[in-house]
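# Coordinate analysis (summary)
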Amino acid sequence: MSSLFPHLTMLPDERRHWEANPVLLKELRQAMRNSFLTSSLMFLLGSLFLVWLGILWRQNFLIAEQSGTGLQAVRAFLIILTVISLFCIPLYTGIRFAAERMTPAGELMFATALPVWRVIRGKFLSAAYIQILFFSVFLPFLAVAGLLRGVDLPTIFFILLCLFIVVCVAVQAAVALACIPVPFVAKLGLGILFTTALAGGNWGIIALSFFMLQAGIATLMGTAVFWLIFVTFLLMTTAIYLILYGLSVAMAFDERHMRRHCRDMIEKGLLAPA
Amino acid sequence: MKVQVQQLRKEFGKTVAVDSISFAFDSGHIFGFVGPNGAGKTTTMRIIATIEEPTGGDVLLNGVSVREEPELARRLVGYVPDTLPSHADITVHEYLDFYARAYGLRGRKRDEAVKAIEEFTNVAGIRDKHLKALSKGMKQRVSLGRALVYDPDVLILDEPAAGLDPRARVELRELLTLLAERKKAILISSHILTELTEICNGVVIIERGKILETGTIEDVLKKSAPRRTVAVRLLDTQQNPLLLKELLQTPFVENVRQTGSEILFESAGDENAICEILALLVGKQFKITEFHQTKANLEDIFMTVTKGGVQ
């Protein structure tokens, strides 16, 4: 436990000397210069803007007939945001990590004094930051849409929270795939399967978002079934994340690390006196 | 710091890349690691740098096993690979800063270490350039800086002089000599053997994963070329046939031959025997303008002991 979450066992004095994960810093510095990521961000911004113009263009300006304009705009925005964040961020993280592990310069990153779990966590955290950046592009459009009728802000924030969680799990899955020690062709095949799964996941999330927008979160929260589904969703995503995280760390270790890790676990865990 | 390579073995499938090799070197020493392509040099170096795991044997860095305690061993070793960093989206300063952070340097100490390394490796002027935009020589400096930023006791350099221009090579040699003076134990592989002879204290010659020769440069030269070759030049080259005849009758002299205007001979004797031969020739009224020993170098020995085989 302490090796997976060292900050939980950190003493106050140690916290004072805490520094950000080096991999996180490096990844964020590199992400800001990455043409794929900046293009995706510009594409997101441009798409949101064009959709917004399109909606306004088709708009009937008679107040009595405006009731669904905000909802219509938010639906369009959510489709764009879901597709772009669920595709771009996991694929960017996964492909980049896989490519990095294959180059001699990249493999040196695994031969530093930095534990592998910190490398994995740095990769994940950088993707989470990038996701927040993508969401921040969406928020001004949401704010303007909020001025129109038919927009239920709590429902939208709830959908964004769920989307954030799903993208986080997808990012961890991409990192785990990048860590699988198989040849490039096999990894490419796995990547294509993963992308297909992401496409399927996209439609599922969009359909669920539309349902929630239609029903309204306030109404749903009043039912026990909603809470049952929501808690199950949280537990499942947490469990999947932890399994993928553990797998990533285990697969990124080389054999001797695995041997030592297992030996330490047996010696310190199972054989330790009660 | 003592680096001990003990019965090191590495197999890739059926190929034995490194076949139970053993050698050792100390702080302040520069050890040359030479061999033909595919001899197992890079594999051995990657094992010492904890990137590869050995199939058998071990490497001890002051008693720390790279096999059993790779995390601890990593803090003691700086590795400069033959492939240089070429990330498109990271600057020299950010690259060095990342490795300083990765090795646990914090706050002001880290900033000072990175700055000192940038100055030491002479990359301070290009600290904001992207790695991909650098020349090979500059990348080599950055790579060396990366390996030095956390001040390791052991340096492993794989072909650091490959592709460098003459000035960069001279600077690299000076840098390595300086590092050896700072008590670093250095293992360097290179195909430019004349350069290795100038800076190395010791040498390991490897072929097909097996060590052919190892020891100090002097020992290896002595062992591999026990005979001394002496060149004599006379003022009057007309006397060369007479000199040839005289040398053929002299004890301890063998393989007498004429090369151009010089007469070459080999002697199995020591320095005294060479002095006596010179005295004898002067006594016989030969007008000698030059009399010198042509020492065997690492290149000659390399060509003698290796067969150019790969696995």
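What you see is a predicted model; the values in this text were computed from it and never measured. (Residues numbered from 1 in each chain as written. Chains lettered and ligands numbered in written order. Predicted model: local features only at pLDDT ≥ 70, side-chain atom pairs only at ≥ 80, totals over all residues. Heavy atoms only, no water.)

Below, the discussion takes up the confidence of the model for chain A. Here chain A shows a mean pLDDT of 81. Residues at 70 or above account for 80%. The element-level mean pLDDT for chain A is lowest in helix α1 (residues 12–16) of chain A, coming to 56, with helix α7 (residues 153–179) of chain A highest at 91. (pLDDT = per-residue confidence, 0-100. Helix = DSSP H or I, 4+ residues; strand = E, 2+ residues; numbered from the N terminus.)

Moving on, we come to the pairing of strand β12 (residues 253–259) of chain B. Residues and elements named next belong to chain B. Inspection of the sheet shows β12 paired to strand β13 (residues 262–267) by five bridges, in the antiparallel sense. By the bridge assignment, R257 is partnered in β13 with L264. What sits between the antiparallel neighbours β12 and β13 is a turn of two residues, in which G260 has the positive phi angle 65 degrees. (Pairing = 2+ DSSP bridges.)

The full count for this structure, using the stated rule, is 19 aromatic pairs over all chains. Summarising the aromatic geometry, the rings of W52 of chain A and F77 of chain A are spaced 5.8 Å apart at their centres and angled 50 degrees between planes, so their arrangement reads as tilted. In this pair, W52 of chain A is assigned in helix α3 (residues 35–58) and F77 of chain A in helix α4 (residues 69–102), connecting sequence segments 25 residues apart. For the residue pair W52 of chain A and F77 of chain A, the accessibility class agrees, reading buried in each case. Between F158 of chain A and F226 of chain A the ring centres are 5.5 Å apart and the planes differ by 50 degrees, which places this aromatic pair in the tilted class. Separated by 68 residues along the polypeptide, F158 of chain A in helix α7 and F226 of chain A in helix α10 (residues 224–252) bring together distant segments of the chain. Note on F158 of chain A: relative accessible area 12%, which makes it buried. Given the relative accessible area of 10%, F226 of chain A is considered buried. Each member of the aromatic cluster is reached from another via a ring pair, and the members are W52, F77, F138 and F141 of chain A. In this structure, K26 of chain A packs its charged tip against the face of F98 of chain B, placed 5.6 Å from the ring centre. Over the ring of Y99 of chain B we find R146 of chain B; its NZ or CZ atom is 5.1 Å from the centre of that ring. (Phe/Tyr/Trp six-rings, centres within 6.5 Å; stacked < 30°, edge-to-face > 60°. Buried < 20%, exposed > 50% of the residue type's maximum accessible area, 1.4 Å probe, protein only. Lys NZ or Arg CZ within 6 Å of the ring centre and 35° of its normal.)

To continue, consider the packing of α7 of chain A against α10 of chain A. All names here are of chain A. As a packed pair, α7 and α10 sit with axes 8 Å apart at the nearest point and diverge in direction by 20 degrees. Regarding the angle of α7 to α10, the classification is roughly parallel. The two elements α7 and α10 meet at a crossing, and its hand is left-handed. Here F158, L161, C162, I165, V166, V169, Q172, A173, V175, A176 and C179 of α7 come into contact with α10, specifically with F226, F230, F233, L234, T237, I240, Y241, L244, Y245, S248, M251 and A252. The residue inventory of the contact of α7 with α10, partitioned by class, reads 20 nonpolar, three polar and no charged. (Axes fitted to C-alpha atoms, helices over the stretch in contact; angles between N-to-C directions. Parallel < 35°, antiparallel > 145°, perpendicular 65-115°, else oblique. Left-handed = near helix turned anticlockwise from the far one by under 90°. Contact = heavy atoms within 4.5 Å. Nonpolar A, V, L, I, M, F, W, Y, C, P; charged D, E, K, R; others polar.)

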